[in-house]
Amino acid sequence: MSIKPRVRFAPSPTGPLHMGGVRTALYNYLFAKKHGGQFILRIEDTDQTRFVQGAEEYIRTALEWCNLIPDESPWNLPGDEPYRQSERKPLYKQYVDLLLEKGHAYYAFDTAEELEFIRERAKAAGSVNWQYNHISRTQMKNSLTLPQQEVEERLARGDEYVVRIKLLRNEEVRLNDTIRGWVSVNTSNMDDKVLFKSDGMPTYHMANVVDDYLMKITHVIRGEEWLPSAPLHVLLYKYLGWEENMPQFAHLPLLLRPDGNGKLSKRDGDRLGFPVFPIDWENKETAETASGYREKGFYPDAFVNMLAFLGWNPGTDQEIYSLDQLVEEFSLERVSKSGAKFDFEKAKWFNQQYLRRRTGAHLSEDVKTELEKQKIAVPDQLASICQLMKERAIFPADIIEEGDFFFKPIQFDPQSVSKKWKPDSASQLRSLKDRLSELPTFTAAAIEKAFGLELSERSLSFGQLGPIFRIALTGRFTGPSAFSIAEILGKPECLLRMDSAIQTLG
Ligand code: GLU
């Protein structure tokens, strides 16, 4: 790519950022970095009625957690230009005026009640989808139908109004989307969208196009739900005389529910048994909460790796990619058209792969944090415990749960233990204990060897002694090698546990 791309992620602060939104941010980031360009974050807060306290902070924290740091954003300003649309308010009117002047837009004075009345009437007559368009506008109160003097009077006395785009009756709008190919819509199927309101605020469409132009955005990479708006945006570029600067559009496939049944939406919250948000969310005003991947124990790089594969693939079998490797490999050409089914099991698989790749020191740190959260004392042998339990864990907390016997006193469940604990078990265990107490070095190999000798000398099968040794040390029937567990526990603790099992289960 000869020119360095400038792309933007443009969320509206109307609630927590959905994981689909994070994927959009990620693809923008990857595309920008791959081509040495800029990744910009713009807050689209023109609709003040949908503003939610804390949402912008959430967006920032979530992107930071994922390590998707914008080059330009409201909290990282390279120049004087604001990156929140509410702060850019004075910029838009001149462009609305330009459209009015050129006859590509008009004032409309219809009140909300009047519009509602017309919609209801149309519905009653069997037309459910009434639109303000090139036909209906001839019957409405606007600067195309009212005498010019009345329009001027209304504006002068401060009547409320909106500015609508004036679509031609039969114009074919075409755009070549990088992902979807040619998309073509006729204006007879579009409506005269509101661009601006008399309170001085532009609507999403107007602000979005003006800002993409002013911020010199080269590629608009966003979710498929914005595809229906794209023809309108193309027309705005044309009517404003900015066709040469029109960005290349790329509309990303939807994220679908695991059963493929519909879009994975914000409203799915925790209903489907997994989070749909990157980090925990709490709406201070409504007390509504939703859980996030961070708090579930996901590693950010695993989460990002998983998201990258929802709609894109590198065309090879490799699935584990660091963010830098993703930058290297990413291309919009390999983004698929069809919706990407989300699979929580696969998400967990990614996390497991990342957990397995953690160095011992890092994993110990993760588990230590978790232990502190759960107010459990941190054992000295934590590093060895982590090493041993690693294969059985998806999240750091699993190491504590699966290896509970390393962290908390053992609770024997007499009913299940009785299946393995036979009348001879106590004496067999005592004999093993005596042999182990003689060992000069208490390593897994030495313990295993002593155990083997005990079996052969006393003519026992592994099935007779193995399970009771494990039960004595862990209170469990399954787990990693009991010899390795014994080594980590150390000789005194191991002998103590064997003693206590003999006494309790006798
Ligand atoms: N503000 C829109 C949103 O919330 C941005 C759409 C776009 O990227 O153009 O997703």
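Above this note sits the structure.
Notes on the structure in this doc start here. Keep in mind it's a predicted model, so treat the numbers as computed, not measured. (Residues numbered from 1 in each chain as written. Predicted model: local features only at pLDDT ≥ 70, side-chain atom pairs only at ≥ 80, totals over all residues. Heavy atoms only, no water.)

Comments concerning the overall build of the chain
Scanning the chain for helices and strands turns up 21 helices and 13 strands. Against the globule reference of 23 Å for 506 residues, the chain gives a C-alpha radius of gyration of 32 Å, more extended than a compact globule. Principal axes of the C-alpha set define a box for the chain whose edges measure 110 × 55 × 40 Å. Taking the intrachain contacts of the chain between residues at least 6 apart in sequence as the baseline, contacts between residues at least 24 apart amount to 72%. Here the chain carries 65 positive and 72 negative side-chain charges, and the mean point of each set is 3 Å from the other. (Helix = DSSP H or I, 4+ residues; strand = E, 2+ residues; numbered from the N terminus. Rg over C-alpha atoms; globule rule 2.2 N^0.38 Å. Contact = heavy atoms within 4.5 Å. Lys, Arg positive; Asp, Glu negative; His and termini not counted. Charge placed at Lys NZ, Arg CZ, Asp CG, Glu CD.)

Quick notes on the sheet that holds strand 3 (residues 105-108)
Here three strands make up an open sheet; going across it, the order is 3-4-7 and the pairing antiparallel. Either end of the sheet is taken by a strand with one partner, and the two such strands are strand 3 and strand 7 (194-197). Mean inter-strand twist for the sheet, computed between neighbouring axes without regard to direction, equals 30°. Bridging between strand 3 and strand 4 (residues 162-165) involves four bridges; their strand directions are antiparallel. Paired with A105 across the bridge in strand 4 is I165. Helix-sheet contacts for helix 3 (residues 89-101) involve strand 3, strand 4 and strand 7, and the interaxial angle to strand 3 is about 100°. (Pairing = 2+ DSSP bridges. Axes fitted to C-alpha atoms, helices over the stretch in contact; angles between N-to-C directions.)

Considerations on the packing of aromatic side chains
Scanning the model with the defined rule gives 31 aromatic pairs in all. Between W65 and F303, the ring centres sit 5.6 Å apart and the planes meet at 35°, which makes this aromatic pair tilted. In this pair, W65 is assigned in helix 2 (residues 55-65) and F303 in helix 9 (residues 300-308), connecting sequence segments 238 residues apart. On the basis of relative accessible area, W65 is assigned to the buried category, the value being 15%. Between F298 and F395, the aromatic rings sit 5.0 Å apart at their centres with planes inclined by 65°, giving edge-to-face as the arrangement. (Phe/Tyr/Trp six-rings, centres within 6.5 Å; stacked < 30°, edge-to-face > 60°. Buried < 20%, exposed > 50% of the residue type's maximum accessible area, 1.4 Å probe, protein only.)

Topic: the packing of helix 6 (residues 204-214) against helix 7 (residues 230-239)
Two elements in contact, helix 6 and helix 7, have axes whose closest approach is 10 Å; the angle formed by their N-to-C orientations is 55°. What the angle tells us is that helix 6 and helix 7 run oblique. Relative to helix 7, helix 6 is oriented so that their crossing is right-handed. Contacts from Y204, H205, M206, N208, V209, D212 and Y213 of helix 6 reach helix 7 at L232, H233, L236 and Y237. The class makeup of the residues in the contact of helix 6 with helix 7 is seven nonpolar, three polar and one charged. (Parallel < 35°, antiparallel > 145°, perpendicular 65-115°, else oblique. Left-handed = near helix turned anticlockwise from the far one by under 90°. Nonpolar A, V, L, I, M, F, W, Y, C, P; charged D, E, K, R; others polar.)

Let's talk about the site of the ligand
If you check the shell around the ligand, you find R8, A10, S12, E44, Y204, N208, R222 and W226 and nothing else. At 2.8 Å from a nitrogen atom of the ligand is found a main-chain nitrogen or oxygen belonging to A10. Separating a nitrogen atom of the ligand from a side-chain N or O atom of S12 is a distance of 3.0 Å. Its atoms largely coinciding with the cavity grid, the ligand occupies the largest pocket. Here the shell around the ligand is composed, by residue class, of three nonpolar, two polar and three charged. (Near = heavy atom within 4 Å. Polar contact = N/O pair within 3.5 Å; in protein donor to acceptor, adjacent residues only side chain to side chain. 1 Å grid on protein atoms, 1.4 Å probe; cavity = no way out; pocket = protein on both sides within 12 Å on 5 of 7 lines; lining within 4 Å. Sits in = over half its atoms within 2 Å of the grid points.)

Some remarks on the layout of surface pockets
By volume, the largest pocket amounts to about 1,100 Å³. If you go around the largest pocket, you meet 40 residues; those closest to its centre are S12, T14, E225, W226 and K266. Of all the secondary structure elements, the ones that give two or more residues to the lining of the largest pocket are strand 1 (6-9), helix 1 (19-34), helix 6 and strand 8 (219-223). The element contributing the most residues to the lining of the largest pocket is helix 1, with four residues. Along the lines of polarity and charge, the residues of the lining of the largest pocket split into 16 nonpolar, twelve polar and twelve charged. Considering only enclosed or pocket space, the second largest pocket measures out at about 440 Å³ in volume. (Points joined across faces, edges and corners; volume = space filled by probe spheres on them.)

Observations regarding the packing of helix 13 (residues 382-389) against helix 20 (residues 482-489)
At a closest axis distance of 10 Å, the pairing of helix 13 and helix 20 adopts a crossing angle of 170°. The angle between helix 13 and helix 20 falls in the class roughly antiparallel. When helix 13 is examined against helix 20, the residues S384, I385 and L388 are found in contact with a partner set consisting of S484, I485 and I488. Split by residue class, the contact of helix 13 with helix 20 holds four nonpolar, two polar and no charged.

Details of helix 9
Side chains three or four residues apart in an α-helix point the same way, a direct result of the helix having 3.6 residues per turn. Among the nine residues of helix 9, seven are classified as buried, and the element is accordingly described as predominantly covered. Taken together, the buried positions of helix 9 are occupied by A302, F303, V304, N305, M306, L307 and A308.

Quick look at unusual backbone geometry
Positioned with a positive phi, K216 is a non-glycine residue whose angle comes to about 55°. Relative to the helices and strands, K216 resides in the loop between helix 6 and strand 8. In this structure K216 comes out as exposed when scored by relative accessible area, which is 61%.

Here's the deal with the environment of M246
Tracing the chain through its elements places M246 in the loop between helix 7 and strand 9 (248-252). Setting aside chain neighbours within four positions, we find M246 in contact with V234 and Y237.

Observations regarding the nonpolar core
In terms of nonpolar packing, the biggest core is built from 112 residues, with M19, F342, F406, L429, L436, F469 and M498 touching the most fellow members. The contacts of L436, once residues within four sequence positions are left out, are F442, I447, A450, F469, K491, L495 and M498. Counting residues in each nonpolar core, the second largest holds 40 residues, with L100, A207, M215 and L240 among its members. (Core = buried A, V, L, I, M, F, W, Y, C linked by side-chain atoms within 4.5 Å.)

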